[in-house]
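Residue-level structural notes
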Amino acid sequence: MIAHMSTYPARSLGRVLEDFGRTLLDLLHGDVDAVPEIGGVAIHDPYDEQVFPAHAIVLAVSARSRADIEQLLRQLGAQSVAALVVRGPVAEAEQLGLVAAETGVALLALTRGASWAQLAAMLRTLLSEGDVGEAEGDRQTLGGVPSGDLFALANAVSTLLDAPITIEDRRQRILAFSGRQDEADASRVATILARQVPEGYVRILEGRGVFKELYRSADPVHIAPATLSEGETALPRVAVAVRAGDEILGSMWAAVARPLTPEREAAFKETAKLVALHMLRVRAGTDAENRLRADLVATALEGGAGAADALRRLDLADEPALVVALGVTGATTADHALLTAERQQLTSALAVHLTAVQPRSAVALLGDVAYAIVPAAGDPAAARERAVQLGTDFLHRTGGRQGAVVGVGSVAPEPTALARSRANADRVLRVLFAGPGERRVASIADVHVDALLLEMRDLARAHGDELSAPIARLVAYDAKHNAQLVATLRAWLDAFGDVIEASASVFVHPNTFRYRIRRVAEVSRLDLDDPAQRFSAMLQLRLMDTGVGGPGQR
């Protein structure tokens, strides 16, 4: 295949501009050759202290004025950031050239009307090739194009046809597009910006029967211009279905200013077969990458000899980290398949959420729990608080799915400590599942005592321990006389012996409560003036609250 091959590496700033330039991004200042490999994509939050990956592309959603952008350039230059993206048009853009040159941070402008979320998703798609466990030298090619690189393939087909190209899935979502999209029409530009063919345009094509013809034919289909509004101009399209045997994977579209020659039409048809191979590789590669990522996360969480290497391959080596665990109870559904699907969906959603706020986090569903390894630089207490807020925000954004809880483990300063962080995150989940349901997110520091009580309960059950004699007497007395002596003792202890407060908590008169507390002492034979006996009783009652002693004794 004769194709235009990019001279830039797949993860370079030059490649980003080659694929997205003129349609989404404009280079205002900077050297695209200065950074051969982008380290990640991050969104700048002016109200948070952030640490960005080296050579990252930072999206500054809120930066508007020249002063804001200049200050941000200097700040990011100290963190070795590769490029800063701001919303265009940029006021006084010429005056920012010296600052960009001084800091080494390229300044890019996102075109008006383009979505920040779509830009972030598209950048991560472009940069994700070979992220996990794949060395640069291991990459394969199909038809002279890096395997699975649909953007490079779209540019190659664009060169062959001398027309801008899009590659779409069965739902008319844009998987990749070539350069030169500005040479097409308003509908194509709207498609690229939204990364989805406009609904109105799809309805027009469906009304004409275009998709039926497209998916039925093995040859390219010629489509007359279609416009969404009066007075709009549009180019004709030529589309070809992308198939793998009998399966329709998607389609490839060219916006043509003039009819294709027979040679170019034949080339378009042939390249569809190559596109199918790449799309299958992307699909298989995604599944394989997810499996590999899960294996690496599991190895890292074991904390053994392979943890350090697994973290290195996950790009999480040489820094503190902590484990965030997402659990979903099965109490809301009896359908195991549905519950499994929900867990998988929430795991994917958590990965997307973390990609935006903690780009180098690694997420995997291991058994019934989704685990995320999250960088935890700085003060450990502050890192735990950030993780708790992250979990709270995630559950809020996912609609607070009933039965979902998030546990945050301890900070692991080294790879071997990740196993303890995972164990602590699991302990938090257990406390949250055992609780009444109000609390949905917590760290191990928040629920440490509750976790210890649950473990003491397990130990007591394993040893066959029974209730202590004083508490057992109160329980037996209540059962025989339908009294409230256990509740009276609990209220008295909770109120530190304040009869007025304790009586109010159980809705009885203070004199009645005084009589009951005297009966507690008489029946149980507890010395309520003895701190050791008070502590023993309080601990026994707490264990009863977690289930020690059997049914009916809570």
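Residues numbered from 1 in each chain as written. Predicted model: local features only at pLDDT ≥ 70, side-chain atom pairs only at ≥ 80, totals over all residues. Heavy atoms only, no water.

1. A few points about the packing of helix α15 (residues 469-481) against helix α18 (residues 510-524)
Relative orientation of the contacting elements α15 and α18 amounts to 115°, with a least axis distance of 8 Å. Judged by the sense of rotation from one axis to the other, the crossing of α15 with α18 is right-handed. Counted together, Pro470, Arg473, Leu474 and Tyr477 of α15 and Arg519, Val520, Val523 and Ser524 of α18 form the full contact between these two elements. In terms of residue class, the contact of α15 with α18 is made up of 5 nonpolar, 1 polar and 2 charged. (Axes fitted to C-alpha atoms, helices over the stretch in contact; angles between N-to-C directions. Helix = DSSP H or I, 4+ residues; strand = E, 2+ residues; numbered from the N terminus. Left-handed = near helix turned anticlockwise from the far one by under 90°. Contact = heavy atoms within 4.5 Å. Nonpolar A, V, L, I, M, F, W, Y, C, P; charged D, E, K, R; others polar.)

2. Section: the sheet that holds strand β3 (residues 56-59)
On the basis of which strands lie adjacent, the open sheet formed by 5 strands has the order β1-β5-β4-β3-β2 and mixed pairing. In the strand order of this sheet, the two ends are held by β1 (25-29) and β2 (40-43), each with one partner. Neighbour-to-neighbour, the strand axes of the sheet open up by a mean angle of 25°, direction not taken into account. Summarising the sheet, β1 and strand β5 (residues 106-110) pair through 4 bridges and their orientation is antiparallel. The residue bridging Leu27 from the neighbouring strand is Leu108, located in β5. Along the sheet, helix α1 (residues 13-20) contacts β1, β3, β4 (83-87) and β5; its crossing angle with β1, the most-contacted strand, is approximately 130°. Against the sheet, helix α2 (residues 66-77) contacts β3, β4 and β5, and its axis sits at roughly 160° relative to β4. (Pairing = 2+ DSSP bridges.)

3. Comments concerning the sheet that holds strand β12 (residues 247-255)
Taken in spatial order, the 5 strands of this open sheet run β9-β8-β12-β11-β10, and their pairing is antiparallel. Looking at which strands have only one partner, the edges of the open sheet turn out to be β9 (174-177) and β10 (221-223). Going across the sheet, the axis of each strand differs from the next one's by a mean of 25°, ignoring polarity. In terms of strand pairing, strand β8 (residues 165-169) meets β12 through 5 bridges, oriented antiparallel. Considered in β12, the bridge of Glu168 is made with Ser251.

4. Structural notes on the pairing of strand β15 (residues 369-375)
Most of β15 sits out of view: 7 of its 7 residues are buried. Alternating positions in β15 separate into two faces, Val369, Tyr371, Ile373 and Pro375 on one and Ala370, Ala372 and Val374 on the other, with burial throughout. The sheet contact formed by strand β13 (residues 321-328) and β15 spans 7 bridges and is antiparallel. Among the inter-strand pairings, Gly327 is bridged to a residue of β15, identified as Val369. Taken together, strand β14 (residues 362-366) and the strand that follows it, β15, pair antiparallel across an intervening segment of 2 residues, in which Gly367 is found at a positive phi of about 70°. (Buried < 20%, exposed > 50% of the residue type's maximum accessible area, 1.4 Å probe, protein only.)

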